[in-house]
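Listed below are the residues making up each chain.
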Amino acid sequence: MSTDATPADPVSMEVHDLTVAYQRRPVLWDVDVSLPTGQLIAIVGPNGAGKSTLLRAALGLVPLASGHVRLFGKPLAQVRDRVGYVPQRESVDWDFPVDALDVVLMGRSGRLGWIRRPGRADRELAMTCLEQVGMSALARRQIGQLSGGQQQRVFLARALAQQADLYLMDEPFAGVDAATERSIVDVLHQLRTQGRTVIAVHHDLQTVRSYFDHVVLLNMRLVAAGPVDRVFTPENLRRTYGGRLTVLDQVAEAVRRGPEP
Amino acid sequence: MEAWLRLVTLQDANTRVVLLGTMVLGVACGVVGVLAGLRRRALAGDAVAHAALPGVCVAYFAFGDGHFGTLLLGALAVGLLAAAGISAARAVPRVKEDAVTAIAIGGFFGAGLVLSRMAQDRPGGHRAGLDGFIFGKAASMVASDAWTILAVAAVVVFVVAVLRKEFTLLCFDQSFAVGLGWPVRWLDQLLMLLVCLCVVAGLPAVGVVLVVALLVIPAAAARFWTHRIRTMLVVAAFLGAISALVGTAVSAILPAPAATGARGWPTGPLVVLVAATLFTVSLLAAPDRGLVARAVRAWGMRRRVALQHLLRDVYERLEAAGDLGAAWTPLSLSRKRVDGVVVARARAAGLVQRDAEGWRLTDRGQAEARRVVRAHRLWELWLIEHADIAPDHVDRDADELEHVLPPSVLAALEARLRQGAATMPASPHPIMPAAPGPGLAP
């Protein structure tokens, strides 16, 4: 439940022999990977590589053709309270009649269970989470009146309100403004300091080195996974993005910049 | 007049029953309609309603007694079947949800019409009032019907009140709900069950064709008045109840046209008409989200922009000469949309005045012009310095935003551009000369 309850699970997410298919067309093939705890982990790969699908499989949102995913060594059903989720921003209708605080309080509903409404403690926690992403002033704003970046931060705050040990984030940096990007990075660092794990689908090769510790390179199959300085190499990137000319420049640029000082 | 009296004093036992029944129905449909609408299941409700017709007929064939409760149970059973069928078909790849719904609506209704014809042809089968289910016959409602509706509505409203948190989560973000471990499929089925209950309870009063309107319209209208789901549920219930009350009252009061004999005006359609009227009123008149409020906001904005353009034009004309109090003519300012109406409005606002030499800015007008130009130039400078916009493009880009810049942003701009609060920055681009004609008034 809380972070310090189980001090050291060496593995946050273990994916074993995972195959996922949509309408018989496989999007993930035989993926085998073990990810550490307490690190910021990026899932990187071209469009259609199955990055989001890997997260959705871990959360039980898509049927698995074969294999399994274990979180902290257990099936999802036993550790749901320890897993937080930030879906893609486009996945919901932002004209929905709720305000930012209501959305963040949804993060508490797993702990609350049936019928019980969020109480004062939940509200205070939700406000703290909004504070963390710099959104407390807009807590009572209808979500449709927020900018894209602000909406993304509300989603992040909702996940924080889950008080999880492992956060699965689907493109948290997609289409956000600079202020939001900074705010998300701050939150990621805080989470790491607290010993929590973040697994995020990430599309910007330029920032992988500076934001993340560990990387999973994916293109339907697992290309490579490991610490960024060892795995995020020109060779591996070429294998991940092979043949896709549009991204080659981006890859070259990422490689040219090399490790951050 | 007499009819009025009888109605408002609720003298007539039958009127009392019908009013109570339809009103409670309006409340239940309004509440469930909000959730069904947010979950985009409103048309599935229509399919359920149309599936109720064959359900009624099947029950009539099976039990043959035409007892009201039996018929409604038949309607509920087939309605639930239709709901389950639609949600199953939704999962099939390459099948579009709207197509499934349309097929269900047409298919079940067609089956219902055929079956009801067969029922009417049955020897000894009295006409069974099956036609009443198509368009509804609220006037023939009896006390036990009203109590049934009341019981159904109480259950429906209670379930929504208790599970509001769960339903809100389901409607807003299904994936997140699944991730938290909520049994989304069961919640979805429960919501469809509530829809079915409302539809079936409404059949005798408004009929299979119109009952979907009671689900959809109050909820859609309520959205204009609030952006909180709690309030929306209450508003939709209220609008549903009002529609039912007014519609029923009108049908009771209006003298029946001769051609309809003693049957009077149909209650269901009148209820729906009232609801549609309330929707239109909400669409137009709701504060903030209503069309009128939007138009007024846009109009006010256009006026403000035109006025600010005038002041800026005048300022930039007079700036070089260094005398903001000098006289000018509107003709010399034709660079932007400056017309007589705007000048007249500026005069009415005390920003400009006219004397023998032409027009002049008043003291207030000068101060306001200085403020407007300053905002414009600060914004231009910021765009050039921080947004990499070329100086020759910056004028137009600045135009679009400067009119809405709040003072706090201006203060921030000042700080970032290291401009003192009192200085007027020079224009970063050449100010275009005025149209032909004398620059300044003589």
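The structure we're discussing is the one just above.
What you see is a predicted model; the values in this text were computed from it and never measured.

**Observations concerning the overall build of chain A**
Argument step 1. Scanning chain A for helices and strands turns up 11 helices and 9 strands.
Argument step 2. Scored against the burial criterion, the 261 residues of chain A give a buried share of 54%.
Argument step 3. Intrachain contacts of chain A at a sequence separation of at least 6 include 71% that bridge at least 24 residues.
Argument step 4. Within the structure as shown, chain A displays about 11,100 Å² of accessible surface, and the carbon and sulfur contribution to it stands at 49%.

**Quick word on the overall build of chain B**
Argument step 1. Per the secondary structure count, chain B includes 17 helices and 2 strands.
Argument step 2. Among the 442 residues that make up chain B, the fraction classed as buried is 48%.
Argument step 3. Long-range contacts, defined here as pairs at least 24 residues apart, represent 72% of the contacts in chain B between residues at least 6 apart.
Argument step 4. When the accessible surface of chain B is totalled, it reaches about 21,000 Å², and 67% of it is carbon and sulfur.

**A few points about the pairing of strand E1 (residues 11-22) of chain A**
Residue and element names in this part refer to chain A.
Argument step 1. Pairing between E1 and strand E2 (residues 25-36): 8 bridges, direction antiparallel. Counted as the bridge partner of Val 11 is Pro 36 from E2.
Argument step 2. Counted between consecutive antiparallel strands, the loop separating E1 from E2 contains 2 residues, among which Gln 23 sits at a positive phi close to 45°.
Argument step 3. Sheet topology places E1 next to strand E4 (residues 66-71); 5 bridges connect them, and they run antiparallel. Its bridge partner lying in E4, His 16 is registered against His 68.

**A short note on the pattern of salt bridges**
Residues and elements named next belong to chain B.
Argument step 1. Here the structure, examined in full by the defined rule, presents 25 salt bridges over all chains.
Argument step 2. Across the pair Glu 357 and Arg 360 runs a salt bridge whose closest N-O atoms are separated by 2.6 Å.
Argument step 3. Overall, the relative accessible area of 46% leaves Glu 357 in the partly exposed class.

**Notes on helix H2 (residues 13-38) of chain B**
Helical periodicity: at 3.6 residues per turn, an α-helix aligns residues three or four positions apart in one direction.
Residue and element names in this part refer to chain B.
Argument step 1. Under the 1.5 Å per step criterion, the end-to-end length of H2 is 38 Å for 26 residues, consistent within 8% with the ideal 38 Å.
Argument step 2. Across the 26 residues that make up H2, a large majority, 19, are buried.
Argument step 3. Directly after H2, the chain includes Arg 40, whose backbone phi takes a positive value near 55°.

**Section: helix H1 (residues 51-58) of chain A**
Residues and elements named next belong to chain A.
Argument step 1. Among the 8 residues of H1, 7 are classified as buried, and the element is accordingly described as predominantly covered.
Argument step 2. Listed in full, the buried residues belonging to H1 are Lys 51, Ser 52, Thr 53, Leu 54, Leu 55, Ala 57 and Ala 58.
Argument step 3. Gly 60 sits one or two residues past H1 and shows a positive phi near 75°.

**Looking at the interface of chain B and chain A**
Argument step 1. With 32 residues of chain B at the interface, the matching set in chain A holds 35 residues.
Argument step 2. It is Lys165(B), Phe172(B) and Phe176(B) that lose the most area in chain B upon contact with chain A, and together they represent 27% of the buried surface on that side.
Argument step 3. For the interface between chain B and chain A, the tally reads 7 salt bridges.
Argument step 4. Among the elements of the structure, helix H7 (143-162), helix H8 (164-172), helix H9 (174-179) and helix H11 (229-253) of chain B are those that each provide at least two residues to the side of chain B that touches chain A.
Argument step 5. Looking at the side of chain B that touches chain A element by element, the count peaks at 7 residues for H8(B).
Argument step 6. Tallied by class, residues from the side of chain B that touches chain A come to 16 nonpolar, 5 polar and 11 charged.

**Things to note about the packing of helix H6 (residues 148-161) of chain A against helix H7 (residues 178-193) of chain A**
All names here are of chain A.
Argument step 1. Contact pair H6 / H7: the axes reach a minimum separation of 10 Å and the direction vectors enclose 15°. The orientation of H6 relative to H7 falls into the category roughly parallel. Handedness of the crossing formed by H6 with H7: left-handed. In this structure, H6 contributes Gly 149, Gln 150, Gln 152, Arg 153, Leu 156 and Leu 160 to the contact, and H7 contributes Thr 180, Ser 183, Ile 184, Val 187 and Leu 191.

**As for the side chain of Arg158(A)**
Argument step 1. Looking at the element boundaries, Arg158(A) is found in helix H6.
Argument step 2. Within the structure, Arg158(A) has its side chain in polar contact with the side chain of Asp173(B) (distance 2.7 Å).
Argument step 3. Filtering out sequence-adjacent residues up to four positions away, Arg158(A) remains in contact with Pro87(A), Val103(A), Val104(A), Met106(A), Gly107(A), Phe172(B), Asp173(B) and Phe176(B).

**Some remarks on the sheet that holds strand E7 (residues 197-201) of chain A**
By way of backbone hydrogen bonds, the strands of a sheet pair with one another, either parallel or antiparallel.
All names here are of chain A.
Argument step 1. Spatial strand order, E5-E6-E7-E3-E8-E9: 6 strands in an open sheet with mixed pairing. Of all the strands in the sheet, the pair left with one neighbour each is strand E5 (83-86) and strand E9 (221-227). The mean inter-strand angle of the sheet, taken between neighbouring strand axes irrespective of direction, is 15°.
Argument step 2. For strand E3 (residues 40-44) and E7, the ladder comprises 4 bridges, and the chain directions are parallel. Residue Ile 41 lies in a different strand from E7, and its bridge partner there is Ile 199.

The rules behind each value
- Residues numbered from 1 in each chain as written.
- Chains lettered and ligands numbered in written order.
- Predicted model: local features only at pLDDT ≥ 70, side-chain atom pairs only at ≥ 80, totals over all residues.
- Heavy atoms only, no water.
- Helix = DSSP H or I, 4+ residues; strand = E, 2+ residues; numbered from the N terminus.
- Buried < 20%, exposed > 50% of the residue type's maximum accessible area, 1.4 Å probe, protein only.
- Contact = heavy atoms within 4.5 Å.
- Areas by Shrake-Rupley, 256 points an atom, 1.4 Å probe, with all protein chains shown as cover.
- Pairing = 2+ DSSP bridges.
- Salt bridge = Lys/Arg side-chain N within 4 Å of Asp/Glu carboxyl O.
- Expected span 1.5 Å × (residues − 1).
- Buried area = accessible area lost by both parts, 1.4 Å probe.
- Nonpolar A, V, L, I, M, F, W, Y, C, P; charged D, E, K, R; others polar.
- Axes fitted to C-alpha atoms, helices over the stretch in contact; angles between N-to-C directions.
- Parallel < 35°, antiparallel > 145°, perpendicular 65-115°, else oblique.
- Left-handed = near helix turned anticlockwise from the far one by under 90°.
- Polar contact = N/O pair within 3.5 Å; in protein donor to acceptor, adjacent residues only side chain to side chain.

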